[in-house]
Structure formats: C-alpha cells, structure tokens
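# Topology and contacts: notes
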Amino acid sequence: MASIDIIINKTYDQLFAELSKEYENNFVPAAGLFWTRQQYTMEYAIRVVAPTIMREFSDGINLGRDPEGFLFFHSDRLGILNTKAQSRYSVYHNSNTTTDQRAVLVQFFTMDPNKPEAQFLAKDPNQTVNWTLVSRVGNWSTLEEGSAAAHVRKASNSSEMTINVGPIGKYATFKTSGGDGKSVDVWGTFSFKTLSALKPGPHATYADYNSDRIIFYPDSGWTGSADFSGFFIPLETEPAKALGDMSFEAVNVHWSDMPL
C-alpha cells in the first residue's frame, strides 16, 4: 500500500476501494478490539477477530472498544494467518475527513516486512483510535470462540448481579461493589471460548467489571490475560455507560445451567 501520509489522508470509501482491488475482493467481516491504558506511560494493544474464517490476531489482550469492519487477505495465503510465529502489525487512523468517513486501518506483516499479508479496515466515527502504532508484535491463531445474546440485570435494592445467556442455557451471579442503590438492565453480546469453562461447580470464578464491559476469568489475578472464559459487551444501541459507573473485581462468580 502507499505511504503512511497517503493512508491517513484518504477517506474510508477510498481505502475500502483500494483494498478491494489489491486483495481481489477477498475480505470477510471482522471486529477490532483496541485497548489503551495510562499508567507510567501510555500502553496500547489490539485484537482482531474474523469468525467466518476462524482467525484471530492478538498481542495478548482480549478487551477494548470494537469498531466492526473487514479483514482483507490474499486467498492463497490464508494458512499464514494461522501460524503461531510472531507477526508484526501497524495501526493508523485517517484525518481531515467527515465523521462518516473516519477509519482505522491495521496492517499485518508476516513474510514480507514491506508488504502486508492482510489488512483490517473499519469505520470509526467516534475516533475510538486516534493514535498510531508502528511495527508492533502479535500472533495469528485459530479462533476458538462463540457468542450469544445476553442480559445483565441488577435491582437497585440488591447487591447481586445476574448475567443470563439464554441461547446457551447459562447464567451467572455475583456480588457488586459500590453499586448500592444503583440498577442495571442491559442487553448485549456474550462471547466465550468454550462452554466447558462455564460449567456449574463448587469452584468460584472471577469477573472484572467496568462501565463498558465485563470480563470473566477462571481465577482471580488474571485481569488483562488473553486466557478468559468469556466477556460481555453492551449493544451499540444501549446508552453510554449502560453498565453504570461501577468498577470492581468480583471474586465469587458462580455459573449455572438455566432450568429447562
């Protein structure tokens, strides 16, 4: 693809047309998770998932904000996107364009450092990504994940929260922290790696709760790990901070099978 200056000064439509031509219309729906954190310095990470070809790319994170777009790739090089070997990636966003033409572009380099094996493009009207990363390292792997509609609810007079995942017949309950007098009633998507990680039993699991998502882990101390049990993201039609302004770690999460 052309130089970085040309990339960031093109509209989403222009970038989509160029990528469609470059990759001979080989593209599939995909979603990108872009994560940032200010600690001693700014930290960045990404994850891109393409369920229809069962591929995911990650540099070790599983959470973030998720513009949906397309993964472009060469059909005869799909096997390369399933290697455990390290791959390099770069992240760009365009500028000087209208809201509906804002975009984020991720380029993946596996064999040739000057020619992307694949590229992820998504509209980003809210500028989820307003930063640039160059020559970072991550891995492609087979995507082992499912998803289902889910409902999260907490009454204002209760400290107990419940997530119901009806399509897979599972639910979980846990105690909130700092949520006294607050109610939650949110629909969204629950993504999981395997159903076996959500089985009933005496062993309590763990949840990391924030205003934009809930991540479930097999044990405590795993926050930020890519080895999660599942995560809940509110629907885009839900209001901002639909999960409230609570932020806590639940260490006593129990999964159960829904009654028949």
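Heads up: these notes are all about the structure in this document. Remember, predicted model here, so these are calculated numbers, not experimental data.

### Here's the deal with the overall build of the chain
For the chain, the count of helices and strands is two helices and 16 strands. Buried residues in the chain amount to 44% of all 260 residues. A separation of at least 24 residues holds for 67% of the contacts in the chain among residues at least 6 apart in sequence. For the chain, the accessible area works out to roughly 12,900 Å², and carbon and sulfur atoms hold 49% of it.

### Let's talk about the sheet that holds strand β6 (residues 103-109)
Taking strand neighbours around the barrel as the criterion, the eight strands line up as β1-β2-β3-β8-β5-β6-β7-β4 in a closed arrangement whose pairing is antiparallel. Recorded for the sheet is a direction-independent mean angle of 30° between the axes of neighbouring strands. As judged from the four bridges shared by strand β3 (residues 55-58) and strand β8 (residues 133-142), these two strands associate in the antiparallel manner. The residue of β8 that forms the bridge with Ser58 is Asn139. Of the strands in this sheet, β1 (27-38), β4 (68-73), β6 and β7 (118-123) are in contact with helix α2 (residues 12-22), which crosses β7 at around 155°.

### Quick word on the nonpolar core
Counting 25 residues, the largest nonpolar core has Ile163, Phe190, Tyr209, Phe216, Phe232 and Trp255 as its most contacted members. Listed by contribution, the elements that provide at least two residues to this core are β9 (146-154), β10 (160-165), β11 (170-175), β12 (184-192), β13 (205-210), β14 (213-217) and β16 (248-257). Setting aside anything within four residues of it in sequence, one finds Ile163 in contact with Ala150, His151, Val152, Lys170, Tyr171, Ala172, Phe190, Phe216, Phe232 and Trp255. Phe34, Ala50, Val106 and Val129 belong to the second-largest nonpolar core, a separate cluster that totals 23 residues.

### Thoughts on the environment of Lys193
Checked against the element boundaries, Lys193 lands in the loop between β12 and β13. Judged by its relative accessible area of 28%, Lys193 falls in the partly exposed class. It is 7.7 Å that separates the C-alpha atoms of Lys193 and Phe228, two residues lying 35 residues apart in sequence.

### Considering α2
Tyr12, Leu15, Leu19 and Ser20 are the residues of α2 that are buried. For α2, the angular spread of buried residues about the axis comes to 130°, placing them on one side. Phi for Glu24, located one or two positions after α2, is positive at around 55°.

### Focus: the packing of aromatic side chains
To describe a pair of aromatic rings, one takes the distance between the centres and the angle between the planes. Using the criterion set out here, one finds 23 aromatic pairs in the structure. Both rings, one in Phe190 and one in Phe192, keep their centres 6.2 Å apart while their planes meet at 20°; by these two values the pair is stacked. For the pair Phe190 and Phe192, one class covers both residues: buried. A centroid spacing of 5.8 Å and a plane angle of 70° characterise the contact between Phe190 and Phe216, whose relative ring orientation is edge-to-face. A residue pair is termed long-range when its members are at least 10 positions apart, and Phe190 in strand β12 and Phe216 in strand β14 qualify at 26 residues. Neither Phe190 nor Phe216 differs from the other in exposure class; each is buried.

### What to know about the pattern of salt bridges
Following the criterion strictly, the structure yields six salt bridges and no others. A salt bridge links Arg47 to Glu56; the nearest nitrogen and oxygen atoms lie 2.8 Å apart. Look at Arg47 and you get buried, because its relative accessible area is 3%. On the basis of relative accessible area, Glu56 is assigned to the buried category, the value being 10%. Across the pair Arg213 and Asp208 runs a salt bridge whose closest N-O atoms are separated by 3.1 Å. Here the salt bridges share partners, and the residues they tie into one network are Asp208, Asp212 and Arg213.

### Brief notes about the sheet that holds β11
Pairing between sheet strands relies on hydrogen bonds along the backbone, with the strands arranged either parallel or antiparallel. Read around the closed barrel, the eight strands follow the order β9-β10-β11-β16-β13-β14-β15-β12; overall the barrel is antiparallel. The average angle at which neighbouring strand axes cross in this sheet is 30°, direction not considered. Here β12 pairs with strand β15 (residues 230-234) via five bridges, running antiparallel. Bridge pairing in β15 links Thr189 to Ile233.

### Quick look at the side chain of Ser191
Along the chain, Ser191 falls in strand β12. When residues no more than four places from it in sequence are discounted, the contact partners of Ser191 are Glu145, Gly146, Ser147, Phe228, Ser229, Gly230 and Phe231.

Calculation criteria
Counting from 1, residues in each chain are numbered in the order their sequence is written. Given that the model is predicted, a residue must reach a pLDDT of at least 70 before its local features are reported, and side-chain atom pairs must reach 80 or more before they are shown or counted; all residues, however, enter totals for whole chains, interfaces and linings. Hydrogens and water are ignored here; the side-chain numbers use all heavy atoms of the structure. Where helices and strands are cited, they refer to DSSP runs of H or I of at least four residues and of E of at least two residues respectively, numbered from the N terminus. Any residue under 20% of the maximum accessible area for its type is buried, any over 50% is exposed, and the rest in between are partly exposed; the area is computed with a 1.4 Å probe on protein chains only. In this analysis, two residues are considered to be in contact whenever any of their non-hydrogen atoms come within 4.5 Å of each other. For every accessible area listed, the method is Shrake-Rupley and the probe measures 1.4 Å; residues are considered covered only by the protein chains on display. By the convention used here, strands pair only if DSSP detects at least 2 bridges between them. The angle between two axes is taken between their N-to-C directions and runs from 0 to 180 degrees, where each axis is a line fitted to C-alpha atoms and a helix contributes only its stretch in contact. Residues grouped as a nonpolar core are buried Ala, Val, Leu, Ile, Met, Phe, Trp, Tyr and Cys residues, joined through side-chain atoms within 4.5 Å. Arc, as used here, means the arc of the directions from the helix axis to the C-beta atoms. Pairing of aromatic rings covers Phe, Tyr and Trp, the last through its six-membered ring, and needs centres within 6.5 Å; plane angles under 30 degrees mean stacked, over 60 mean edge-to-face, and all others mean tilted. By convention in these notes, a salt bridge is any Lys or Arg side-chain nitrogen within 4 Å of a carboxyl oxygen on Asp or Glu.

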